Amino acid sequence: MALILGIESSCDETAAALVTSARAILAQRIASQDEAHRPYGGVVPEIAARAHAERLAPLIEATLADAGKTLDDVDAIAATAGPGLIGGVMVGLVTGKALSMASGKPLIAINHLEGHALSPRLADPQLAFPYALLLVSGGHCQILRVEGVGTYTRLATTIDDALGEAFDKTAKILGLGYPGGPKVERLAQEGDANAVPLPRPLLGSAEPHFSFAGLKSAVLRAKDSGQYRDADIAASFQKAAIDCIIDRLKRALEKMDEVTALVVAGGVAANKAMRAALESLAETEGLPFIAPPLTLCTDNAAMIAWAGAERHAQGQSDPLDFAARPRWPLDPDAEPVRGAGVKA
Ligand code: KG4
Ligand code: ZN
């Protein structure tokens, strides 16, 4: 059995975890930076990087202490090496390299998206490759066929905003503050999802891609009109977003070779209304539905340690000059999509 130390610092969570190859999370700590970013209504990269630099080393020390372990007990050090806010990524990756040098244990550079993509396998030992994955976070909105560790086929991505971003922007428009996703979900529970007519961008289109920019603009117009209750806007937005997700996923599943399960991961996977909709889609499709527990959905280091455990089991490690990557697609062969930060 191998023991992996995981380090995560790609956005605004500073996190460390100790996970075994037998799927035991021995310890994990997460320091949220919500307070530091709240006045700005979003993550400020410079503030995030500085906070990671201050907090990460003591956090790792405390995580080891929680489990009664030292670096001697660890078999490999897995650190997020991208994609993400580059200052923060560098703090975590360089810390991982320094610990690797000092301990003589191998470094494993982890793609943050792979951490999310494999996290359901940490929670569920039965989950076998290949599975269909909806990866929905603050920065990403993709449908992938997860074929193995390091082997992903991307069927869809967003041509503008990520789903989490749309939730965060809606929260901002409604004055709910930061971070927005959970607040929109809470307010939506008090609203009527049919009260505000909102668009469902790309619904029914042949390629299973996503678009949320138009939905966000419609939310802004609804708010500015003064005609609707905030709770009704939140509920109608959430319903429209979920309708888009389900329609696009159905299309992707039609195009996808056989899979063992429908799986959701990433921060937005914490949304209970979306989970319920996905569960019923999976039932219709005759697939088991797998979602990691909420604590494994949003950014955390256990998923990074687990991705490290999967790679370590295959004998993989990375050199100490591994570069931090602000962009790092899971499927480098996927066709660039018009609008997705790509000049068409
Ligand atoms: O995976 P994650 O923690 O960080 C990234 O890698 O982006 O995802 C964070 C995103 C944020 O946009 C946040 O608003 C969203 O996930 N989120 C939610 C919920 N919880 C977190 N969105 C909708 N409903 C939620 N309950
Ligand atoms: Zn994430």
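Residues numbered from 1 in each chain as written. Chains lettered and ligands numbered in written order. Predicted model: local features only at pLDDT ≥ 70, side-chain atom pairs only at ≥ 80, totals over all residues. Heavy atoms only, no water.

Some points on the coordination of the zinc ion (ligand 2)
Okay, step 1: Donor atoms from the polypeptide that bind the zinc ion (ligand 2) are H112 (NE2), H116 (NE2) and D299 (OD), placed at 2.0 to 2.2 Å.
Okay, step 2: Mapped onto the sequence, the residues coordinating the zinc ion (ligand 2) show the spacing H-x3-H-x182-D. Placement of the pair is H112 in helix α4 (residues 112-123) and D299 in the loop between α10 (294-297) and α11 (302-313), with a sequence separation of 187 residues.
Okay, step 3: Looking at H112, the relative accessible area reads 6%, which means it is buried.
Okay, step 4: For D299, a relative accessible area of 16% translates into the label buried. (Donors = N, O, S within 2.8 Å, 3.2 Å for Na, K, Ca; no water. Helix = DSSP H or I, 4+ residues; strand = E, 2+ residues; numbered from the N terminus. Buried < 20%, exposed > 50% of the residue type's maximum accessible area, 1.4 Å probe, protein only.)

Regarding the pairing of strand β8 (residues 151-156)
Okay, step 1: Both strand β7 (residues 141-148) and β8 contribute to a ladder of five bridges, which runs antiparallel. Considered in β8, the bridge of R145 is made with T153.
Okay, step 2: Between β7 and β8, which pair antiparallel and follow one another directly, the connecting turn spans two residues, one of which, G150, has a positive phi of 85°. (Pairing = 2+ DSSP bridges.)

Considerations on the domain arrangement of the chain
Okay, step 1: As far as domains go, the chain holds domain 1 (3-117 + 296-327) and domain 2 (128-291).
Okay, step 2: Look at where the C-alpha atoms of domain 1 and domain 2 centre, and you get two points 27 Å apart.
Okay, step 3: Contacts between domain 1 and domain 2 engage 18 residues on the former and 16 residues on the latter.
Okay, step 4: When the buried surface of domain 1 facing domain 2 is broken down by residue, L113, A117 and C297 rank first, second and third, together holding 37% of it.
Okay, step 5: In this structure, the connection of domain 1 to domain 2 is made through zero salt bridges. (Domains from an automatic or database assignment. Contact = heavy atoms within 4.5 Å. Buried area = accessible area lost by both parts, 1.4 Å probe. Salt bridge = Lys/Arg side-chain N within 4 Å of Asp/Glu carboxyl O.)

Side note on the nonpolar core
Okay, step 1: In terms of nonpolar packing, the biggest core is built from 51 residues, with L134, V136, L163, F212, F237, I245 and M274 touching the most fellow members.
Okay, step 2: Once you skip the residues sitting within four places of it in the chain, L134 turns out to touch Q142, I143, F210, I245, L249, V263, V264, A265 and L278.
Okay, step 3: I4, V19, L113 and L144 belong to the second largest nonpolar core, which has 35 residues in total. (Core = buried A, V, L, I, M, F, W, Y, C linked by side-chain atoms within 4.5 Å.)

Focus on the site of ligand 1
Okay, step 1: Taken together, 17 residues surround ligand 1, and among them G138, D168, E185, G267 and D299 come closest.
Okay, step 2: G139 has a polar backbone atom sitting 3.4 Å from an oxygen atom of ligand 1.
Okay, step 3: One of the side-chain N or O atoms of E185 is found 2.7 Å from a nitrogen atom in ligand 1.
Okay, step 4: For ligand 1, the protein covers 89% of the area, taking 550 Å² as the surface of the free molecule.
Okay, step 5: Of all the secondary structure elements, the ones that give two or more residues to the shell around ligand 1 are α4, α5 (163-173) and α6 (181-188).
Okay, step 6: A per-class count over the shell around ligand 1 returns four nonpolar, ten polar and three charged.
Okay, step 7: For the shell around ligand 1, the domains that each give at least three residues are domain 1 (3-117 + 296-327) and domain 2 (128-291). (Near = heavy atom within 4 Å. Polar contact = N/O pair within 3.5 Å; in protein donor to acceptor, adjacent residues only side chain to side chain. Areas by Shrake-Rupley, 256 points an atom, 1.4 Å probe, with all protein chains shown as cover. Nonpolar A, V, L, I, M, F, W, Y, C, P; charged D, E, K, R; others polar.)

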